[in-house]
Amino acid sequence: MAVQTIGDIAGLRARVCAAKRSGERVACVPTMGALHAGHGALIDRARAESHMVVITIFVNPLQFDREDDYERYSRQLDADRDVCEARGADLIFAPTAAEMYPEQPSAFVDVPELARHLCGEFRPGHFRGVATVVAKLFNIVQPDAAYFGEKDAQQLAIIRRMVRDLDFPIEIVPVATVREPDGLALSSRNGRLSPSERRVAPLIFQALEEGRRLVDSGVRDSSVVKEAIRRVLAAQGMIRLEYVEAVDAAMQPVETIGAGSRLVIAAWLGGVRLIDNVVCRV
Ligand code: PAF
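Residues numbered from 1 in each chain as written. Predicted model: local features only at pLDDT ≥ 70, side-chain atom pairs only at ≥ 80, totals over all residues. Heavy atoms only, no water.

(A) Here's a closer look at the packing of helix H1 (residues 9-21) against helix H8 (residues 126-141). Interaxial distance between H1 and H8 falls to 8 Å at its minimum, and their mutual angle equals 55 degrees. Put simply, H1 runs oblique to H8. Here Ile 9, Leu 12, Arg 13 and Val 16 of H1 lie close against H8, whose contacting residues are Asn 139, Ile 140 and Val 141. Partitioned by chemical class, the residues of the contact of H1 with H8 number five nonpolar, one polar and one charged. (Axes fitted to C-alpha atoms, helices over the stretch in contact; angles between N-to-C directions. Helix = DSSP H or I, 4+ residues; strand = E, 2+ residues; numbered from the N terminus. Parallel < 35°, antiparallel > 145°, perpendicular 65-115°, else oblique. Contact = heavy atoms within 4.5 Å. Nonpolar A, V, L, I, M, F, W, Y, C, P; charged D, E, K, R; others polar.)

(B) Focus on the site of the ligand. Around the ligand, the neighbouring residues are Pro 30, Thr 31, Met 32, Gln 63, Val 130, Val 133, Val 134, Phe 148 and Gln 155. Between the ligand and the protein, one listed contact pairs an oxygen atom with a side-chain N or O atom of Gln 155 at 2.7 Å. In isolation the ligand has 290 Å² of accessible area, and contact with the protein removes 89% of it. Spatially, the ligand is embedded in the largest cavity. Elements represented by at least two residues in the shell around the ligand include exactly strand E2 (26-31) and H8. Of the residues contributing to the shell around the ligand, the split by class is six nonpolar, three polar and no charged. (Near = heavy atom within 4 Å. Polar contact = N/O pair within 3.5 Å; in protein donor to acceptor, adjacent residues only side chain to side chain. Areas by Shrake-Rupley, 256 points an atom, 1.4 Å probe, with all protein chains shown as cover. 1 Å grid on protein atoms, 1.4 Å probe; cavity = no way out; pocket = protein on both sides within 12 Å on 5 of 7 lines; lining within 4 Å. Sits in = over half its atoms within 2 Å of the grid points.)

(C) Molecular detail of the pairing of strand E6 (residues 171-175). As judged from the five bridges shared by strand E5 (residues 145-149) and E6, these two strands associate in the parallel manner. Among the inter-strand pairings, Ala 145 is bridged to a residue of E6, identified as Glu 171. For the crossover from E5 across helix H9 (residues 153-165) to E6, the handedness is right-handed. (Pairing = 2+ DSSP bridges. Right-handed = clockwise from strand over helix to strand, strands pointing away.)

(D) Broad picture of the layout of surface pockets. By volume, the largest pocket is sized at about 270 Å³. Top contributing element to the lining of the largest pocket by residue count: H9, with six residues. Its residues placed into classes, the lining of the largest pocket shows nine nonpolar, one polar and five charged. (Points joined across faces, edges and corners; volume = space filled by probe spheres on them.)

(E) Structural detail: the packing of aromatic side chains. Within this structure, the stated rule accounts for six aromatic pairs. Centre to centre, the rings of Phe 64 and Tyr 73 are 5.6 Å apart; their planes meet at 75 degrees, and the pair counts as edge-to-face. Since its relative accessible area comes to 10%, Tyr 73 is described here as buried. Centre to centre, the rings of Phe 138 and Phe 168 are 5.7 Å apart; their planes meet at 70 degrees, and the pair counts as edge-to-face. Here Phe 138, found in helix H8, pairs with Phe 168, found in the loop between H9 and E6; they are 30 residues apart in sequence, far enough to count as distant. Residue class for Phe 138 comes out buried when judged on its relative accessible area of 2%. In textbook terms, an aromatic cluster arises when at least three aromatic residues are bridged by ring pairs, as seen for Phe 64, Tyr 70 and Tyr 73. (Phe/Tyr/Trp six-rings, centres within 6.5 Å; stacked < 30°, edge-to-face > 60°. Buried < 20%, exposed > 50% of the residue type's maximum accessible area, 1.4 Å probe, protein only.)

(F) Main features of H1. Spanning 13 residues, H1 covers 18 Å between terminal C-alpha atoms, matching the ideal 18 Å at 1.5 Å per step. Among the residues of H1, Ile 9, Leu 12, Val 16 and Ala 19 are the ones counted as buried. The buried residues of H1 occupy one face: seen down the axis, they fall within an arc of 100 degrees. When the buried face of H1 is taken as reference, the exposed residues oriented beyond 90 degrees from it are Ala 10 and Arg 21. (Expected span 1.5 Å × (residues − 1). Arc of directions from axis to C-beta.)

In structure tokens, the structure reads:
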């Protein structure tokens, strides 16, 4: 059946309520559009585990710390519709900014303990915008489960914490990062890399892999591992490292790498900011 696109909250709620009344399990995949195979993996997993799959496509102004980044964010609803249809989604919820924010919002969701460092340190207000829009989307769609990519590990940790603290009756399902054959994590921002930037971008993952190899060899001191990652990136002048950190499962920086630790990174290539992470095999 063709995927249906709905722009208004009332219309979306009516469709989902009818499905839930008939006992259907409803899955939600929140996105900002510009869908790629990473989103495809989220949709596939949601499709396999639910009766109704709702994809939300909304470029959320609240989570952009730079106006130009918001303006330049890729918007391609027709192409996104094709992806959703090919993957068997049932509904697209694609509201306008006026539908989502009819007036300047004055209520926000904040998870400061998890949002103040890593990306949060460099993108003030970003995670407040993410948590607020995801809470709104959860209240609008009222899904049984929601699917998020592990590439955005800090976002995932914040959403999990928000769901726990605010008692949303929603299962949060993490889905592994999808990579290009050369290791670059799929991202809607990759399309903005110039050909020469695209050629060096896989070094970000290679640097993380180098860090992980050190951990495999028994190194547990996070400063040694981070220094090795910095060295790999410094050898390539085009990449500007924003941060590299070793964190625990709750995304808190650790001095000693242990089970569940992740190496996380954010780096710039020209005007494009990329993030990535790997889990240590301890
Ligand atoms: O990961 C994203 O695409 C966005 O941050 C999200 C979760 C859809 C909220 O706007």
